[in-house]
Amino acid sequence: MQAELQWIDDPEVFRVNQMPAHSDHYCYGGREEESRGDSSFYHMLNGSWKFFYSQNAAGRPADFYREDCDVSSWDEIRVPGHIELAGYDKIQYINVMYPWEGQDYRRPPGTPSARGQRKDLFSGAEYNPVGSYRLTFDLPQHMRGGKRISIFFEGVEQAMYLWLNGEFIGYAEDSFTPSEFDLTEVVRDTGNILAVEVHKRSTAAFLEDQDFFRFFGIFRDVKLCMRPETHLEDLWLRPCYDPQNKTGEVKLQMKFTGTAEGSVKIRILDRDGSVCLEDTCQIRERLEWGGEMPQAVHPWDNRDPYMYRLEISVMGREGATEEFIPYAFGFRKIEITDRVIRLNGKRAVFCGVNRHEWSPYTGRCIGGEERQWDMDCMKRNNINAVRTCHYPDQIPWYYLCDREGIYMIAETNLETHGSWQKWGNMDTSWNLPCSFDAWREAVLDRARTNFEVFKNHTAVLIWSLGNESYVGDVLQEMNRLYKEWDPDRLVHYESVIYNRAYEDTVSDIESRMYAPPEEVKEYLEKKPKKPFILCEFMHDMGNSIGGLSSYMELLERYESYHGGFIWDFIDQALFVADEVTGREVLRYGGDFDERPADYEFSGNGIVFADRREKPAIQEVRYHYGKYR
């Protein structure tokens with residue numbers, strides 16, 4: 001295990017034995033299971049796990065994954081959840097700087113400034129907390145008997161090692177995208193011992209320097225997945241829409257695993273349940289299918305998010321349905337013509353917000369009620385777009401945006417702000433990822449996973465390469481790959497403005513943060529190369545938002561201006577008991593005696609952390625209501 005521990009210090013090791021990323025389609029044993037909303041293919045492992053906290057790798061129980069290790073004296077912890085909010089470690093909020101600055105000198109491997117520094121960058125640190133998790137579980141009866149079984153972690157922050165029944169299974173980084181591992185050869189019907197070791201910091205920390213509280217742990221759902229004899233492993237659904245003729249075509253790319261024998265029945269239904277297209281094909285490992293809609297299609301947009309329904313029935317060699325996959329989708333076309341972003345042939349206007357996932361009780365571990373409240377708040381306040389800042393969100397949020405007609409900028413989990421910009425000053429001596437080969441594959445893998453998981457969502461109009469990372473050859477390649485993978489969507493990146501040498505090869509859009517209205521006008525009046533959006537503006541701290549009208553009125557004057565995304569939707573603050581009164585109060589950055597910290601800078605939402613609307617949201621509702 002000592003050799004593997006060095007993986008957290010190596011940017012070129014970021015996934016070991018992980019299954020390839022794939023689409024987020026949900027599988028059922030048949031229509032009856034879907035109607036009940038209960039699939040036999042999944043079994044949740046959320047709940048109470050055994051847990052041991054240590055301040056660094058040297059103090060962790062290194063052999064805890066062994067079946068004979070006695071963990072009876074360990075604590076219990078809830079999964080999903082943040083380790084800090086369970087009473088361990090320290091709570092820290094920070095914006096631009098890396099969380100160790102002022103305490104430890106660290107420069108990333110693979111950069112000139114790192115030459116000569118020790119190799120145990122994180123693995124040998126005196127402070128780099130480790131959470132050791134153990135769970136004993138039995139397979140549900142219907143999953144037993146040699147079925148193909150995998151385990152799916154939707155989010156683990158920040159680097160995780162996985163064992164089952166004493167056998168090493170794999171390793172993962174990238175905190176905000178799913179990590180899935182095949183357990184088939186190791187899993188037993190009963191008495192399985194699952195062990196997960198989570199390190200708070202790794203080289204991934206250099207890529208995850210977002211403006212948020214720095215937590216760690218298993219903070220999203222964990223589930224077992226069973227694959228039938230023939231399984232639709234990946235689905236690429238491409239609805240193509242011609243807004244001029246109002247015609248539509250559906251293209252499918254399907255990848256099957258297992259025996260890959262039998263047939264697949266494909267149906268497309270409209271919102272009323274009428275069948276528009278129907279076909280049956282013989283299954284191959286990779287199968288492509290296409291069909292033209294027989295009549296004019298109803299397009300999807302914010303005002304009318306009309307959804308069609310794809311149904312795929314996978315039938316085995318004997319003709320019985322082994323798997324049923326439904327997927328709701330809309331027809332829409334996003335494109336740039338004459339430097340104007342057009343959706344379905346009409347100019348698109350983004351009345352948007354940046355949204356962190358947040359709860360004042362559970363941090364970034366939120367549930368369905370909170371997601372629905374956020375959506376309802378956006379709808380009643382005329383917000384029609386969201387940028388996932390600055391990481392992929394929980395999977396259900398994308399389905400909700402599809403259904404409600406919220407336009408999405410889907411952000412890759414990448415921010416390296418502290419490596420190049422501090423206190424307004426530029427220091428590019430060790431900026432990441434720039435053009436460093438050591439970081440190339442890790443960054444491209446994050447882009448690939450973001451694409452593969454969320455590629456079928458109608459609401460995703462624009463892929464984002466990430467946030468506030470210094471541009472270079474690596475981001476140029478990210479841009480190229482997104483364009484190759486998905487020519488039907490746009491690509492966004494803001495920080496190209498700091499290195500205009502990449503202006504023509506990174507980002508379809510001139511994206512700015514907090515540019516004053518005069519700067520916006522100056523760009524738009526000088527024969528702009530690209531359409532313009534403000535990916536962040538109207539930073540809502542204190543008595544803010546009052547200048548919103550000066551930005552919104554530009555929409556009437558400049559067709560290439562497309563609005564923006566307010567920073568941000570919700571305050572990041574936590575409920576704690578006041579030390580004097582005992583009353584429950586909200587505490588912000590710096591209130592937890594953490595250093596370094598960026599203090600109340602975590603409080604810049606248009607709603608409070610407890611989801612009370614701030615007075616400023618009235619201004620948003622009024623001005624956004626004119627354009628949404």
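Nothing here was measured: the structure is a model prediction, and the numbers come from that model.

S.K.: I'd like to hear about the overall build of the protein, residue by residue, with values.
M.R.: Looking only at helices and strands, the protein has 10 helices and 37 strands in total. Taken over C-alpha atoms, the radius of gyration comes to 24 Å for the protein, in line with the 25 Å a tight globule of 628 residues would show. Overall, the protein is about 70 × 65 × 50 Å in size when its C-alpha atoms are taken along their principal axes. Burial statistics for the protein: of 628 residues in total, 63% are counted as buried. Within the protein, contacts between residues at least 6 apart in sequence are counted, and of these 74% link residues at least 24 apart. Accessible surface for the protein amounts to roughly 23600 Å². Of this, 45% is attributable to carbon and sulfur atoms. Charge-centre separation for the protein: the mean point of 74 positive side chains lies 3 Å from the mean point of 105 negative side chains.

S.K.: Explain the packing of aromatic side chains residue by residue, including any values.
M.R.: In the structure shown here, the tally under the stated rule is 53 aromatic pairs. Judged by centre distance (5.6 Å) and plane angle (45°), the rings of Tyr327 and Tyr399 are tilted. Taken together, the residues span a long stretch of sequence, with Tyr327 in strand β22 (residues 321–329) and Tyr399 in helix α4 (residues 395–404) at a distance of 72 residues. Residue classification places Tyr327 among the buried positions, given a relative accessible area of 2%.

S.K.: I'd like to hear about the pattern of salt bridges, residue by residue, with values.
M.R.: What the rule picks out here adds up to 53 salt bridges. A salt bridge links Lys200 to Asp89; its shortest N-O distance comes to 2.5 Å. In this pair, Lys200 is assigned in the loop between β12 (192–199) and β13 (212–213) and Asp89 in the loop between β4 (75–79) and β5 (93–94), connecting sequence segments 111 residues apart. Take Asp89: its relative accessible area is 23%, and that puts it in the partly exposed class. With its nearest N and O atoms 3.2 Å apart, the salt bridge here joins Arg387 to Glu411. Of this pair, Arg387 sits in strand β27 (residues 385–388) while Glu411 sits in strand β28 (residues 407–411), and the two are 24 residues apart along the sequence. Under the relative-accessibility criterion, Arg387 is labelled buried at 0%.

S.K.: Pulling in residues and values, what's your account of helix α5 (residues 437–454)?
M.R.: In a regular helix each residue adds 1.5 Å, so 18 residues correspond to 26 Å; α5 covers 27 Å between its end C-alpha atoms and thus fits that length. Most of α5 is tucked away, with 15 of its 18 residues classed as buried.

S.K.: Tell me about the pairing of strand β16 (residues 230–242), residues and numbers included.
M.R.: Among the 13 residues in β16, 11 count as buried, and that is most of the element. With 12 bridges joining them, β16 and strand β17 (residues 247–258) adopt antiparallel strand pairing. If you follow Asp242 over to β17, its bridge partner there is Thr247. Counting the residues in the hairpin turn of β16 and β17 gives four residues, including Lys246, whose phi is positive at 60°.

S.K.: I'd like to hear about the pairing of strand β26 (residues 350–355), residue by residue, with values.
M.R.: Extensive coverage of β26 is indicated by the burial of six of its six residues. The alternating pattern of β26 places Phe350, Gly352 and Asn354 and Cys351, Val353 and Arg355 on opposite faces, both of which are buried. Taken together, the four bridges between β26 and strand β35 (residues 561–566) define a ladder with parallel strand orientation. Across the sheet, Val353 pairs through a bridge with Ile566, a residue of β35. Relative to β27, β26 runs parallel, the two sharing four bridges. By the bridge assignment for β27, Gly352 is matched with Ala385. After leaving β26, the chain enters helix α3 (residues 368–380) and then returns to the sheet as β27, a path that is right-handed.

S.K.: I'd like a description of the sheet that holds β17, backed by residues and values.
M.R.: Read across the open sheet, the three strands follow the order β16-β17-β20; overall the sheet is antiparallel. Of all strands in the sheet, those with a lone pairing partner are β16 and β20 (286–292), marking the two edges. The average angle at which neighbouring strand axes cross in this sheet is 15°, direction not considered.

S.K.: Tell me about the sheet that holds strand β23 (residues 334–337), residues and numbers included.
M.R.: Spatial ordering of the open sheet is given by β23-β24-β25, a layout of three strands whose pairing is antiparallel. On the outer flanks of this sheet lie β23 and β25 (346–347), each paired with one strand and no other. One ladder, built from two bridges, connects strand β24 (residues 340–343) with β25; its direction is antiparallel. Paired with Arg342 across the two strands is Arg347, which belongs to β25.

S.K.: Describe the environment of Tyr171, with residues and values.
M.R.: Summarising the element assignment, Tyr171 is placed in strand β10 (residues 167–172). Taking the C-alpha atoms as reference, Tyr171 lies 19 Å from Phe215; in sequence the two are 44 residues apart. Residues in contact with Tyr171, not counting those within four places in the same chain, are Trp7, Ile8, Val13, Phe14, Arg15, Val16, Gln18, Ala159, Met160, Tyr161 and Phe181. There is a polar contact of 2.5 Å between the side chain of Tyr171 and the side chain of Glu173.

S.K.: Can you break down the environment of Gln103 residue by residue, with the values?
M.R.: Turning to its location among the elements, Gln103 is positioned in the loop between β5 and β6 (130–137). Its relative accessible area of 41% is what places Gln103 among the partly exposed residues. Spatially, the C-alpha atom of Gln103 lies 51 Å from that of Trp300, the residues being 197 residues apart in sequence. Non-local contacts of Gln103, meaning those with residues more than four positions away in its chain, are made with Lys90, Arg595 and Pro596. Side-chain polar atoms of Gln103 contact the backbone oxygen of Arg595, separated by 2.4 Å.

S.K.: Tell me about the packing of α5 against helix α6 (residues 473–485), and please be specific about residues and values.
M.R.: Orientation of α5 relative to α6, taken along the N-to-C sense of each, is 30°, at an axis distance of 10 Å. With respect to each other, α5 and α6 are oriented roughly parallel. Here α5 and α6 pass one another in a crossing that is right-handed. Of the residues in α6, those in contact with Arg440, Val443, Leu444, Ala447, Arg448, Asn450 and Phe451 of α5 are Asp473, Val474, Glu477, Met478, Leu481, Tyr482 and Trp485. Of the residues belonging to the contact of α5 with α6, the class tally is nine nonpolar, one polar and four charged.

S.K.: I'd like a rundown of the environment of Gly131, residues and numbers included.
M.R.: With respect to the element layout, Gly131 can be found in strand β6. Under the relative-accessibility criterion, Gly131 is labelled buried at 0%. Sequence separation between Gly131 and Met375 is 244 residues, and the spatial gap between their C-alpha atoms is 33 Å. Setting aside chain neighbours within four positions, we find Gly131 in contact with Phe51, Phe52, Ile83, Val196, Glu197, Val198 and Phe216.

Definitions and limits used
Residues numbered from 1 in each chain as written. Predicted model: local features only at pLDDT ≥ 70, side-chain atom pairs only at ≥ 80, totals over all residues. Heavy atoms only, no water. Helix = DSSP H or I, 4+ residues; strand = E, 2+ residues; numbered from the N terminus. Rg over C-alpha atoms; globule rule 2.2 N^0.38 Å. Buried < 20%, exposed > 50% of the residue type's maximum accessible area, 1.4 Å probe, protein only. Contact = heavy atoms within 4.5 Å. Areas by Shrake-Rupley, 256 points an atom, 1.4 Å probe, with all protein chains shown as cover. Lys, Arg positive; Asp, Glu negative; His and termini not counted. Charge placed at Lys NZ, Arg CZ, Asp CG, Glu CD. Phe/Tyr/Trp six-rings, centres within 6.5 Å; stacked < 30°, edge-to-face > 60°. Salt bridge = Lys/Arg side-chain N within 4 Å of Asp/Glu carboxyl O. Expected span 1.5 Å × (residues − 1). Pairing = 2+ DSSP bridges. Right-handed = clockwise from strand over helix to strand, strands pointing away. Axes fitted to C-alpha atoms, helices over the stretch in contact; angles between N-to-C directions. Polar contact = N/O pair within 3.5 Å; in protein donor to acceptor, adjacent residues only side chain to side chain. Parallel < 35°, antiparallel > 145°, perpendicular 65-115°, else oblique. Left-handed = near helix turned anticlockwise from the far one by under 90°. Nonpolar A, V, L, I, M, F, W, Y, C, P; charged D, E, K, R; others polar.

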